[in-house]
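Structure at a glance
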Amino acid sequence: MLVSFGIKDAIDILLVAYFLYQIYKLMKSSGTLVIFGGLVSVIVVWILVSQVLEMRLMGVILDKFINVGFIVIVILFQDDIRRFLVALGSNRGWKFLIRFFSRKGEDPVSQYIAPVILACLNLAKTKTGALIVIQKEIDLTTYIHTGEMFSAEVNARLIENIFFKNSPLHDGAMIIVKNRIKAAACILPVAQHAGIPKEMGLRHRSGLGMSRETDAIVIIVSEERGTITVAHSGVITKPLSAENLQQILSGEQHVKSYS
C-alpha cells in the first residue's frame, strides 16, 4: 500500500520541526535541556511500546503516566512555556497581524532613545550603575507597582539624578512606557540558571530575568566596569557602543547573545 505525501504533510512536518527547534532553544537557554531530553525519551519509549510493539500491559501503564505527565510537564516547565509564548507573541509577523486586525497604526517615533542613550553614556563614564526597562508589547504594570510610581517625560538629567548613588530611587529599575518614565526603584525577577557567566552581578541577572519573563528591552549600566549592555528575549549582549545601543533601541539591530 502506497502512502500519499502532499503539501499538507510537508507543512505539517515543517511546523513540528519549527516548534521542536524553538523548544530546544528555550530549554538550552534555561538550563533544563537534560530534563527535556528525559521527557522526550519517555515519549519515544511510550510510542514504541504502545504503537509499534503493541505491549498491552506496558502500554496501559505508560498511557496513564503520559496523561498525568502532561500536568506535571506544565508545572515543571511553566516558566519555559511562558517564555515560549512570549517569544511567539513578540515575533514581528504576529505583531503585524495583531496591529492589522486591531486596526491600530504603527507606534509613534520613540522620543526616549536620544535622552536614554545620553544618560547611559554619562552614567557609564562615572561608573554609576543603572537598570532601565523599556516596555514593548507586554504590559509591565505588575513590575511598575513594585517601585515608586510617577509620570514624567524621559529626560537625560532626570535619569542621571534617579540613579545617582545618594538618590533614594537609585536601587532598582526604572521603567519607561510610551516615551514616559512610569516608575523607579522597581523590583525585577532574577535569572537563576547555572549557565549565566560568573562575572554577571545582581543587576545583570535582574535584567536577564526580566527579559525572559517579558518582551521588554532592558539596558544595564555596570557600576564595576562602566559598560553598557542590553538584555532582550532571554539573551544579554557584550558591552555596546552608543551606535549599537541606538540601533537596538530603534529596532535596526537584534540583540546578540553574550556568548
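Structure shown above.
Residues numbered from 1 in each chain as written. Predicted model: local features only at pLDDT ≥ 70, side-chain atom pairs only at ≥ 80, totals over all residues. Heavy atoms only, no water.

To continue, consider the pairing of strand β3 (residues 173-177). With five of five residues buried, β3 lies mostly within the body of the structure. Side chains A173, I175 and V177 of β3 all project onto a buried face; the interleaved residues M174 and I176 project onto the opposite face, where all are buried too. Relative to strand β4 (residues 180-186), β3 runs antiparallel, the two being bridged by four bridges. Counted as the bridge partner of I175 is A183 from β4. In textbook terms, the turn of a hairpin is the stretch between consecutive antiparallel strands, and for β3 and β4 this stretch comprises two residues, one of which, K178, has a positive phi near 50 degrees. (Buried < 20%, exposed > 50% of the residue type's maximum accessible area, 1.4 Å probe, protein only. Helix = DSSP H or I, 4+ residues; strand = E, 2+ residues; numbered from the N terminus. Pairing = 2+ DSSP bridges.)

The subject of this paragraph is the sheet that holds strand β2 (residues 148-153). Sheet strands pair via backbone hydrogen bonds, and the direction of the pair is either parallel or antiparallel. Overall, mixed pairing links the seven strands, which are arranged β2-β4-β3-β1-β5-β6-β7 in an open sheet. What marks the edges here is a single partner per strand, and that holds for β2 and β7 (235-236). Direction of pairing for strand β1 (residues 130-134) relative to β3: parallel, over a ladder of three bridges. Bridging from a neighbouring strand, I134 pairs with I176 of β3. On the sheet, helix α6 (residues 113-125) packs against β1, β3, β5 (217-221) and β6 (228-232) and is oriented at approximately 25 degrees with respect to β5. (Contact = heavy atoms within 4.5 Å. Axes fitted to C-alpha atoms, helices over the stretch in contact; angles between N-to-C directions.)

What follows concerns unusual backbone geometry. Here the phi dihedral of K127 falls at roughly 55 degrees; this positive angle occurs in a residue that is not glycine. Considering the arrangement of structural elements, one finds K127 in the loop between α6 and β1. Residues other than glycine seldom take positive phi values, yet N179 does so here, at roughly 65 degrees. With respect to the helices and strands, the residue N179 is situated in the loop between β3 and β4.

Moving on: the nonpolar core. Counting 29 residues, the largest nonpolar core has V116, I132, I159, I176, I219, L245 and L249 as the members making the most contacts within it. Elements that contribute at least two residues to this core include exactly α6, β1, α8 (156-162), β3, β4, β5, β6 and α10 (242-249). For this core, the element with the most residues is α6, which contributes seven residues. (Core = buried A, V, L, I, M, F, W, Y, C linked by side-chain atoms within 4.5 Å.)

A few words now on the packing of α6 against α10. Between α6 and α10, the least distance of the axes is 10 Å, while the angle of their chain directions is 145 degrees. As for the relative orientation of α6 and α10, their crossing is right-handed in sense. In contact with I113, V116, I117, C120 and L121 of α6, α10 contributes A242, L245, Q246 and L249. When grouped by side-chain class, the residues that make up the contact of α6 with α10 number eight nonpolar, one polar and no charged. (Left-handed = near helix turned anticlockwise from the far one by under 90°. Nonpolar A, V, L, I, M, F, W, Y, C, P; charged D, E, K, R; others polar.)

For the α-helix, the turn length of 3.6 residues means that residues three or four positions removed from each other point alike. Counted at 1.5 Å a residue, the expected span for helix α9 (residues 202-213) with its 12 residues is 16 Å, and the 16 Å between its end C-alpha atoms agrees. Counting buried positions along α9 yields nine of 12 residues, so the element is predominantly enclosed. Every buried residue of α9 is accounted for by H204, S206, G207, L208, G209, M210, S211, R212 and E213. (Expected span 1.5 Å × (residues − 1).)

Distances and angles like these do not, on their own, reveal function.
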